[in-house]
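# Survey of secondary and tertiary structure
The residues making up each chain are set out below.
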Amino acid sequence: QVQLVESGGGLVQPGGSLRLSCAASGSIFSIPVMGWYRQTPGKERDLVARISRGGSTYYAESVKGRFTISRDNAKNTVYLQMNSLKPDDTAVYYCTAVPGAAIIWGQGTQVTVSS
């Protein structure tokens, strides 16, 4: 069973930066796909970014050019570097892992962008 532990969320001013981390643990050697979703109150979770084990990436248009997803395959850890943050980026960010057919979710970490 894969478990995800997230860190790096917090309060930041507009234009600032945060780096989210998500470490996967359990009886698994590698995870083909890892990524990040985000959710605001009353809304569904939206895909922010995704990265394959080989380094292929996908970004939502709203974050393209500002966010960078990366991973350390040896540690099964995924990162989300968030720059030029906007108030609209405020959300709970959820790490995801796709070891096979199913998606595993992290507990979520709050990101608040406000002056």
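Each remark here, short or long, concerns the structure printed above.
Here's what I pulled together on the structure shown here. (Residues numbered from 1 in each chain as written. Predicted model: local features only at pLDDT ≥ 70, side-chain atom pairs only at ≥ 80, totals over all residues. Heavy atoms only, no water.)

## Here's the deal with the packing of aromatic side chains
Tallied over the entire structure, the rule returns two aromatic pairs. Ring plane angle 65 degrees and centroid distance 5.0 Å describe the contact between Tyr37 and Trp105, whose orientation is recorded as edge-to-face. Of this pair, Tyr37 sits in strand β4 (residues 33–39) while Trp105 sits in strand β10 (residues 104–105), placing them 68 residues apart in sequence. With relative accessibility at 13%, the residue Tyr37 sits in the buried group. Plain terms: the ring middles of Tyr94 and Trp105 are 6.5 Å apart, the flat faces sit at 85 degrees to each other, and that makes the pair edge-to-face. In this pair, Tyr94 is assigned in strand β9 (residues 91–98) and Trp105 in strand β10, connecting sequence segments eleven residues apart. Exposure remark for Tyr94: the relative accessible area of 12% places this residue in the buried category. Every member of this aromatic cluster is reached through a ring pair, and the members are Tyr37, Tyr94 and Trp105. Over the face of the ring belonging to Tyr79 we find Arg19, whose NZ or CZ atom lies 4.1 Å from the ring centre. (Phe/Tyr/Trp six-rings, centres within 6.5 Å; stacked < 30°, edge-to-face > 60°. Helix = DSSP H or I, 4+ residues; strand = E, 2+ residues; numbered from the N terminus. Buried < 20%, exposed > 50% of the residue type's maximum accessible area, 1.4 Å probe, protein only. Lys NZ or Arg CZ within 6 Å of the ring centre and 35° of its normal.)

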